[in-house]
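Chains, contacts and geometry: an overview
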Amino acid sequence: MSSSTMPKRPTDPLDIVDVDAMLTDEEKAIRATVRQVCDDLVEPHIVQWYEKGELPVARELAQEFGKVGLLGMHLEGYGCAGMSSVDYGLACLELEASDSGIRSLVSVQGSLAMYAIHAYGSEEQKQEWLPRLAAGEAIGCFGLTEPDHGSDPASMRTRARRDGEDWVLDGGKLWITNGTIADVAVVWANAGEEHGGIRGFVVPTDTPGFEAHEIKNKMSLRASVTAELSLSGVRLPADAVLPEVHGLRGPLGCLTEARFGIIWGCLGAARTALEAARRYSTERIQFDRPIGGFQLTQAKLAQMSTELQLGRLLALHLGRRKDDVGLRPEQVSVGKYNNVSKAIEICRTARTVLGGNGVSGEYPVMRHANNLESVLTYEGTVEMHTLVIGQALTGESAFR
């Protein structure tokens, strides 16, 4: 092969296997749009937000994201953009490349609150809430996890009882993203076997008895609004219940939808950390040469890069499958189990390349590593996804 016909070296050192060649021009354009929005609205401020442990412009960000169709972008109708699963995945990757907290804002809004109403709600509920949520004019949250019941939602203590034609909710939820700024909460409660067991309720947050308290002193997802919800005698009309689902199938279906975004999103954090390490390795001089010229540093970079590309290929495959035929829960578990575990290892390894500078806020590596500690746990811990995969392999449930 002559030199004139040899393939050129990649223009993107983070895509040495040319995964981008598998994307359409439209998908690349959508990715570029999200990247530009993040560059304009998030990147100049994210370090300050993280250090202060706040996201003071969450509502403003939601409105800006709504303008470009990011909220519920993979849903059809009601003001939603109706884009593909791959489009949504690419958007999640770019959002989390800035910060996991920013991706969580979009993910909870679109794949939990909006998806629950879109998939299981009445036409009236959809018409009332989805257009406003898609535009960012309203904020949604998703109340499932409780202080004593995370991985075992069937044991939740939040109760819904009938009082005449009304429903009355009592209980509490914990680690609820968007909780203190939400206009509507999708809350899951045990209504008793006579009423279908676990049921979902559309709860306007100005309903008497509903309170949200922001959780402070987080060491992870600091640029994110996280709350504890309290429901004390929250009285709702009969039509507040999501009519199209009973039992755990409802909340678990929403979590499966949201986990798909995590499969992609965590790779954004990993990409940012890897790029920081790669660039640093070309600039940091030790023993009269860049540290990128040493074998051990190159071994770290090679391993990180390979795992990132494998994660991207897995995410893209699952995205194409989701668009074509849908995904089984265990397939989503494989994606979250693999990609989040590998992403956090990439961030930790990148930190070692930067040495002591790796813990400095001047570099994004430790921030992303800390954020991924939460991503590793929420919407299904590593242990839970391991058991989902194990059950698919053996036919035996090991959850109890």
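Here's what I pulled together on the structure shown here. Here, residues in each chain are numbered from 1, in the same order as that chain's written sequence. The predicted origin of the model limits local features to residues at a pLDDT of at least 70 and limits the giving and counting of side-chain atom pairs to 80 or more, whereas totals for whole chains, interfaces and linings rest on all residues. The side-chain values count all of the structure's non-hydrogen atoms but skip hydrogen atoms and water molecules.

This next bit is on the overall build of the protein chain. In terms of helices and strands, the protein chain carries eleven helices and nine strands. We compute the radius of gyration from the C-alpha atoms alone; for a globule the expected value is 2.2 Å times N to the 0.38, where N is the number of residues. Relative to its length of 400 residues, the protein chain is compact, with a C-alpha radius of gyration of 22 Å against a globular reference of 21 Å. Projected onto the principal axes, the alpha-carbon positions of the protein chain cover approximately 80 × 45 × 45 Å. A simple rule labels every residue: compare its accessible area, found with a 1.4 Å probe on the protein chains alone, to the largest value its type can have, and call it buried under 20%, exposed over 50%, or partly exposed in between. Relative to its full complement of 400 residues, the protein chain shows a buried share of 52%. Segments assigned H or I by DSSP are reported as helices when at least four residues long, segments assigned E as strands when at least two residues long, and all are numbered from the N terminus.

A few words on the nonpolar core. Phe65, Ile102, Phe142, Leu169, Trp188, Phe201 and Trp264 are the most contacted members of the largest nonpolar core, which totals 115 residues. Counting residues per element, this core draws most heavily on helix H7 (residues 249–283), at 16 residues. We define the nonpolar core as a collection of buried residues of types Ala, Val, Leu, Ile, Met, Phe, Trp, Tyr and Cys that are connected through side-chain atoms lying within 4.5 Å of one another.

Time to look at the side chain of Asp20. Structurally, Asp20 can be placed in the segment before helix H1 (25–41). For Asp20, the side chain forms a polar contact with the side chain of Arg31, separated by 2.9 Å. Nitrogen and oxygen atoms within 3.5 Å of one another constitute a polar contact, given that in protein one can donate a hydrogen and the other can accept it, and given that sequence-neighbouring residues count only through two side-chain atoms.

The subject of this paragraph is a negative patch on the surface. Each patch is assembled from residues with relative accessible area greater than 30% and no salt bridge, linking like charges that lie within 9 Å and nonpolar side chains (Val, Leu, Ile, Met, Phe, Trp, Tyr) that lie within 5 Å. What sets the accessible areas is the Shrake-Rupley method with a 1.4 Å probe; for residues, cover comes only from the shown protein chains. We define a salt bridge as a side-chain nitrogen of Lys or Arg found within 4 Å of a carboxyl oxygen belonging to Asp or Glu. Within this scheme the basic residues Lys and Arg register as positive and the acidic residues Asp and Glu register as negative, but His and the chain ends are omitted. For this purpose, a charge sits on NZ of Lys, CZ of Arg, CG of Asp or CD of Glu. Together, Glu123, Glu124, Glu128 and Asp239 give the surface a local cluster of negative charge. Mapped onto the elements, Glu123 comes out in helix H6 (residues 123–135).

Within this structure, the stated rule accounts for 22 salt bridges. Notably, a salt bridge pairs Arg278 with Glu275, separated by 2.9 Å at the nearest N-O pair. Within this pair, Arg278 and its partner Glu275 are both found in helix H7, separated by three residues, close to a single helical turn. Given the relative accessible area of 26%, Arg278 is considered partly exposed. With relative accessibility at 16%, the residue Glu275 sits in the buried group. Residues participating in the shared-partner salt-bridge network are Asp15, Asp20, Arg31 and Arg312.

Residue position: Ile346 is located in helix H9 (residues 329–353). According to the relative accessible area criterion, Ile346 is buried, its value standing at 4%. Placed 46 residues apart in sequence, Ile346 and Lys300 show a C-alpha to C-alpha distance of 8.9 Å. Residue contacts are defined here by distance: any two heavy atoms, one from each residue, within 4.5 Å place the two residues in contact. With near-sequence residues (within four places) excluded, Ile346 lies in contact with Ala270, Leu274, Met304, Glu307 and Leu308.

Every axis in this analysis is a line fitted to C-alpha atoms, fitted for helices over the stretch in contact. Angles between the N-to-C directions lie between 0 and 180 degrees. Helix H5 (residues 100–120) packs onto helix H3 (residues 58–67) with a crossing angle of 65° between their chain directions and a minimal axis gap of 11 Å. The chirality of how H3 crosses H5 is right-handed. Across from Ala58, Leu61 and Phe65 in H3, the residues of H5 making contact are Ile102, Leu105 and Val106. Three classes are used: nonpolar for Ala, Val, Leu, Ile, Met, Phe, Trp, Tyr, Cys and Pro, charged for Asp, Glu, Lys and Arg, and polar for all others, with Gly counted as polar. Its residues assigned to classes, the contact of H3 with H5 comprises six nonpolar, no polar and no charged. Left-handed describes a crossing whose near helix is turned anticlockwise from the far helix through less than a right angle; right-handed describes the clockwise counterpart.

Take empty space enclosed by the protein next. Think of a 1 Å grid over the protein atoms and nothing else: a 1.4 Å probe that fits but is trapped marks a cavity, an open set flanked by protein within 12 Å on at least five of seven lines marks a pocket, and residues with an atom within 4 Å of a point count as lining. Grid points are joined across faces, edges and corners, and a volume is the space filled by probe spheres set on the points. Throughout the structure, instances matching the rule amount to two cavities of 30 Å³ or more. Forming the boundary of the largest cavity are Val19, Leu23, Leu90, Leu93, Trp264, Leu267, Arg312 and Leu316. Elements that contribute at least two residues to the lining of the largest cavity include exactly helix H4 (85–98), H7 and helix H8 (295–324). Lining the second largest cavity are Lys336, Tyr337, Val340, Ser341, Leu376, Gly380, Thr381, Val382 and His385. Put simply, the parts of the chain that give the lining of the second largest cavity at least two residues each are H9 and helix H11 (382–394).

Pairing of strand S3 (residues 166–177) with strand S7 (residues 226–236), which is carried by eight bridges, proceeds in the antiparallel orientation. Bridging across to S7, Gly172 finds its partner in Ser230. Pairing between strand S6 (residues 210–214) and S7: five bridges, direction antiparallel. Looking across to S7, one finds that Glu211 is bridged to Ser230. Strand pairing is defined by DSSP finding a minimum of two bridges between the two strands.

Turning to the packing of aromatic side chains, a few remarks are in order. When the centres of two rings from Phe, Tyr and Trp lie within 6.5 Å, Trp using its six-membered ring, the rings pair. Their planes under 30 degrees apart give stacked, over 60 give edge-to-face, and anything left gives tilted. Counted under the stated rule, the structure contains six aromatic pairs. With centroids separated by 5.2 Å and ring planes inclined at 70°, the aromatic side chains of Trp167 and Phe201 adopt a geometry described as edge-to-face. One end of the pair, Trp167, is in strand S3; the other, Phe201, is in strand S5 (residues 198–204), and 34 residues separate them in sequence. Lying across the ring of Trp167, Arg162 places its NZ or CZ 4.5 Å from the centre. By definition, being over a ring means that NZ of Lys or CZ of Arg is both within 6 Å of the ring centre and within 35 degrees of the ring normal. Its guanidinium or amino end placed over the ring of Phe260, Lys322 lies 5.4 Å from that ring's centre, counting from NZ or CZ.

Here Gly358 lies in the loop between H9 and helix H10 (365–377). By relative accessible area, which is 0% here, Gly358 ends up buried. Separated by 346 residues in sequence, Gly358 and Asp12 place their C-alpha atoms 23 Å apart.

With that settled, the discussion passes to unusual backbone geometry. Even without being glycine, Asp18 reaches a positive phi, approximately 60°. With respect to the helices, strands and loops of the structure, Asp18 is situated in the segment before H1. Although it is not a glycine, Tyr78 adopts a positive phi angle of roughly 55°. Looking at where Tyr78 falls in the secondary structure, it is placed in the loop between H3 and H4.

Without other data, these values stay purely geometric and don't point to any function.
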